[in-house]
Amino acid sequence: MTEPAFPRLALIGIGLIGSSISHAARRAHAAGHIAIHSRTPATLARAEALGLGDSYHADPADAVRDADAVILCIPVGASGAAAAAIAPALKPGAIVSDVGSVKASVVAQVAPHLPAFVHFVPAHPVAGTEYSGPDAGFAALFDNRWCILTPPPGTDAEAVERLHDFWRRLGANVEVMTPEHHDLVLAITSHVPHLIAYNIVGTAAHLETVTQSEVMKFSAGGFRDFTRIAASDPTMWRDVFLNNREAVLEMLGRFTEDLAALQRNIRYGEGDALFELFTRTRAIRRGIIAAGQETDAPDFGRPHGSGEDAPG
Ligand code: NAP
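The shown structure was predicted, so the numbers you read here are calculated from the model rather than taken from an experiment.

Cut-off values and rules
- Residues numbered from 1 in each chain as written.
- Predicted model: local features only at pLDDT ≥ 70, side-chain atom pairs only at ≥ 80, totals over all residues.
- Heavy atoms only, no water.
- Salt bridge = Lys/Arg side-chain N within 4 Å of Asp/Glu carboxyl O.
- Buried < 20%, exposed > 50% of the residue type's maximum accessible area, 1.4 Å probe, protein only.
- Pairing = 2+ DSSP bridges.
- Helix = DSSP H or I, 4+ residues; strand = E, 2+ residues; numbered from the N terminus.
- Axes fitted to C-alpha atoms, helices over the stretch in contact; angles between N-to-C directions.
- Contact = heavy atoms within 4.5 Å.

Asker: Hey, could you run me through the pattern of salt bridges in this one?
Answerer: Between side chains of opposite charge, pairing is possible as soon as their charged atoms come close. For the structure on display, the rule yields 13 salt bridges. A salt bridge links Asp 62 to Arg 65, with the nearest nitrogen and oxygen atoms 2.8 Å apart. We note a salt bridge from Arg 285 to Glu 294, for which the minimum N-O separation is 3.4 Å. The class of Glu 294 is partly exposed, set by a relative accessible area of 27%.

Below, the structure written as structure tokens:
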């Protein structure tokens, strides 16, 4: 059997992403001992009942003691406080990382607390579902998905390589970029789409002339796919928007301009412009399928007539 990437791994937070890391690390023998901390006794007890770790700690400092790698798996806005709590217990040479959906803000919150003898390598696995908590995780979550590493300039190359190797073993493809570039890319590929979903589902909820039951009944016309995204965790997404404000506002500005142009196309009957855009966007969808980031099964691969949709 291959050596684990990290003989001792500490997970601070054990929701969807933390528990998926545990499952995937065990599947790949990528970690030896897994030490787990979560803020509330109920979540920690649930993680223990599910057997997600080898030790469970009410105090985050106890979880990270002697750990070769520590991964913060908590909402972005809680990163600074978590770093302050673990800093005094970190082992020299340890790798400190995270999974936050925003990177520049995490760097600004975490870096000032860390001692010079640890290596800080922020990361973002671009994979998830709309489910939360320790029960939501599964080993295949990161398979063939991207994990973006955003090491600050001057980070020890060997530490970056070790984290790279860890995520590869978890099934992910790995790319390195600056935190600022990450935040711009994710603003358009993830953050603004979530905002649009939250907004359209909110708008439907406020309508007076179309009833709530009609919205539910006819949701397969497109609305249903927005509701899946709009069911994502409120705490996580509040923190994403508060912590990636500039990039989201930049992309939202462009989106609003393009929406105004579409509004104009519709008002003045400019069918050619609509047709041309819809043809280009269809090609983007086909490109995503070709890149292996989505299935080409009709209706997102939904099992028709067999009950529940698969998460994802
Ligand atoms: P989750 O399932 O809701 O789990 C959140 C974890 O963080 C729980 O252990 C929770 O502990 C803890 N937590 C919540 N608020 C906290 C606070 N104020 N201080 C300390 N701990 C706190 O969340 P998740 O989906 O795993 O997301 C975790 C991170 O992954 C976020 O930064 C998110 O941006 C990132 N991410 C998420 C996705 C996704 O699709 N969900 C994808 C990629 C990256 P208790 O239950 O004990 O309160």
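So much for the structure itself; the text now carries on.
Asker: Please clarify how the sheet that holds strand 9 (residues 173-176) should be interpreted in this entry.
Answerer: In any sheet, the strands associate via hydrogen bonds between backbone groups, in a parallel or an antiparallel arrangement. Here three strands make up an open sheet; going across it, the order is 7-8-9 and the pairing mixed. The open sheet has two edge strands, strand 7 (123-126) and strand 9, and neither has a second partner. With strand direction ignored, the average angle separating the axes of adjacent strands in the sheet is 20°. With four bridges joining them, strand 7 and strand 8 (residues 146-149) adopt antiparallel strand pairing. Bridge assignment links Pro 125 to a residue of strand 8, and that residue is Cys 147.

Asker: How do you make sense of unusual backbone geometry when you look at a structure like this?
Answerer: Backbone geometry follows two general trends: most residues other than glycine have a negative phi, and most peptide bonds adopt the trans configuration. In the Ramachandran plot, His 29 falls in the positive-phi region, its phi being about 50° despite a non-glycine side chain. Judged by its relative accessible area of 38%, His 29 is partly exposed. Positioned with a positive phi, Asp 66 is a non-glycine residue whose angle comes to about 70°. Its location among the elements puts Asp 66 in the loop between helix 3 (60-64) and strand 4 (69-72).

Asker: When you look at the sheet that holds strand 6 (residues 119-120) in this model, what are you seeing that I'm missing?
Answerer: If you walk across this open sheet you meet the six strands as 3-2-1-4-5-6, and the pairing is parallel. One side of each edge strand has no neighbouring strand; the edge strands of this open sheet are strand 3 (55-57) and strand 6. Where strand 1 (residues 6-12) and strand 4 come together, four bridges link them in parallel fashion. Along strand 4, the bridge assignment pairs Leu 9 with Ala 69. Of the strands in this sheet, strand 1, strand 4, strand 5 (95-98) and strand 6 are in contact with helix 6 (residues 157-169), which crosses strand 1 at around 80°.

What is shown is where atoms sit, not what they do.
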